[in-house]
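Summary of structural features
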Amino acid sequence: MQEIYKQLIENGIDKENILLDELMSLHTSFKVGGNVDIFVKAYSLEEIKSVLKIVVENNIPLFVLGNGTNLLVRDEGFRGIVLQIKLENIEIDATEVTVDSGVKNAVLSKKLIDNNLTGFEFASGIPGTIGGAIKMNAGAYGGEMKDIVSEVTYLDYNGNVHVINNSECEFSYRHSKFFDEKAIILQAKLNLEKGNKSEIENRVKELIEQRKEKQPLEYPNAGSTFKRGEGFITAKLIDECGLKGYSIGGAQVSEKHAGFIVNKNNATASDILELIEYVQKKVKEKTGEEIKLEIEVIGG
């Protein structure tokens, strides 16, 4: 990877933004994961294109990272490049918001409150970036990204920039076309509405309080581990199977919310994966239902 490191610097990436043999546990909300060969922070479209060119020319595996939430990196790490998108511009024109993919949801939420814009409250407490939220069509409290996204700008792996509308994003429950295609989300346009600042602020506070009350934010986790079931509430099934509080190694099915697996005591990724498989197996045995992962697993 020393040759790739040299190529990155030759192609305009600041050496301070290239980390070799970097521990992914430092960059994920689960606080687990082995080393990645090269970790790159990209602050411009030109830098993203440079990294992409090197990836394609050298046939190197690439993972595009937002804020490291909704992600589990295996203990063996990731052989290739992890590219963290650091595009962080926000522009507001009346009720249309143009936001870069590296902007954290909480940062955007504060900006929208300051501009009396409503419609994003549901996502204000989701601990990720706009790019990640669009990729997985993040949602909470009755809202989803598909409800407010009008346009997405992305880069394909040939270095071409595309602009697509909402329907072309192929949004579905916790899914979009960006899971299936080699693409890097750069920016989005959101359609919001004018609202009352104090009402918006109060709604955001209310939802954040609900999140604190119902979710195990006191332990490292990656958000809801399992997807909502078709015709059943996954967390309820896990609880009814007597699995709430069940542990393997340092990983535990949260005692507060059975839909979450938490890193309670220096868990490894293997602990978490083993616990996930155990929960899926027990729920299938006792109820006949298959519960599916919401989090993304990479590496190994």
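Source: prediction; values computed, not measured. (Residues numbered from 1 in each chain as written. Predicted model: local features only at pLDDT ≥ 70, side-chain atom pairs only at ≥ 80, totals over all residues. Heavy atoms only, no water.)

Some details on the overall build of the chain
- Secondary structure assignment for the chain yields 7 helices and 18 strands.
- The globule rule puts the C-alpha radius of gyration for 300 residues at 19 Å, and the 20 Å found for the chain is close to it.
- With respect to the principal axes defined by its C-alpha atoms, the chain has extents near 55 × 50 × 30 Å.
- In the chain, which comprises 300 residues, the proportion classed as buried is 50%.
- With the model as given, the accessible surface of the chain reaches about 13900 Å², and the carbon-plus-sulfur share is 44%. (Helix = DSSP H or I, 4+ residues; strand = E, 2+ residues; numbered from the N terminus. Rg over C-alpha atoms; globule rule 2.2 N^0.38 Å. Buried < 20%, exposed > 50% of the residue type's maximum accessible area, 1.4 Å probe, protein only. Areas by Shrake-Rupley, 256 points an atom, 1.4 Å probe, with all protein chains shown as cover.)

What about the packing of helix α1 (residues 2-10) against helix α2 (residues 45-58)?
- Where α1 meets α2, the axes come as close as 10 Å, and the angle between the chain directions of the two elements is 145°. Every pair of crossing elements has a handedness; the one defined by α1 and α2 is right-handed. Two secondary-structure elements touch here, α1 through I4, Q7 and L8 and α2 through V51, I54 and N58.
- Among the residues making up the contact of α1 with α2, the classes are represented as 4 nonpolar, 2 polar and no charged. (Axes fitted to C-alpha atoms, helices over the stretch in contact; angles between N-to-C directions. Left-handed = near helix turned anticlockwise from the far one by under 90°. Contact = heavy atoms within 4.5 Å. Nonpolar A, V, L, I, M, F, W, Y, C, P; charged D, E, K, R; others polar.)

Some points on the packing of aromatic side chains
- Under the criterion given, the structure shown has 3 aromatic pairs.
- Ring geometry for Y246 and Y278: centres 4.5 Å apart, planes at 5°, overall stacked. Of this pair, Y246 sits in the loop between α6 (234-240) and β15 (247-248) while Y278 is found in helix α7 (residues 269-287), placing the two residues 32 residues apart along the sequence.
- Looking at K135, its charged tip hangs above the ring of F179, at a distance of 4.9 Å from the centre. (Phe/Tyr/Trp six-rings, centres within 6.5 Å; stacked < 30°, edge-to-face > 60°. Lys NZ or Arg CZ within 6 Å of the ring centre and 35° of its normal.)

A look at unusual backbone geometry
- Of note, N70 is a non-glycine position whose phi angle comes to about 60°, a positive value.
- When you line up the elements, N70 lands in the loop between β3 (62-65) and β4 (71-73).
- Since its relative accessible area comes to 12%, N70 is described here as buried.
- At N116, a residue that is not glycine, the phi angle is positive and equals roughly 55°.
- Locating N116 in the fold gives a position in the loop between α3 (105-114) and β8 (117-118).

Some remarks on the nonpolar core
- Within the largest apolar cluster, 31 residues are counted, with the highest numbers of intra-cluster contacts made by L108, F120, I134, M145 and L190.
- Secondary structure elements with two or more residues in this core: β7 (96-100), α3, α4 (130-135), β11 (149-156) and β13 (183-191).
- At 4 residues, the largest contribution of residues to this core is made by β13.
- Apart from the residues within four sequence positions on either side, L108 is in contact with I90, V97, V99, V103, F120, I130 and L190.
- Counting residues in hydrophobic clusters, the runner-up holds 26 residues, among them F226, A267, L273 and I295. (Core = buried A, V, L, I, M, F, W, Y, C linked by side-chain atoms within 4.5 Å.)

Honestly, it's all geometry; don't read function into it.
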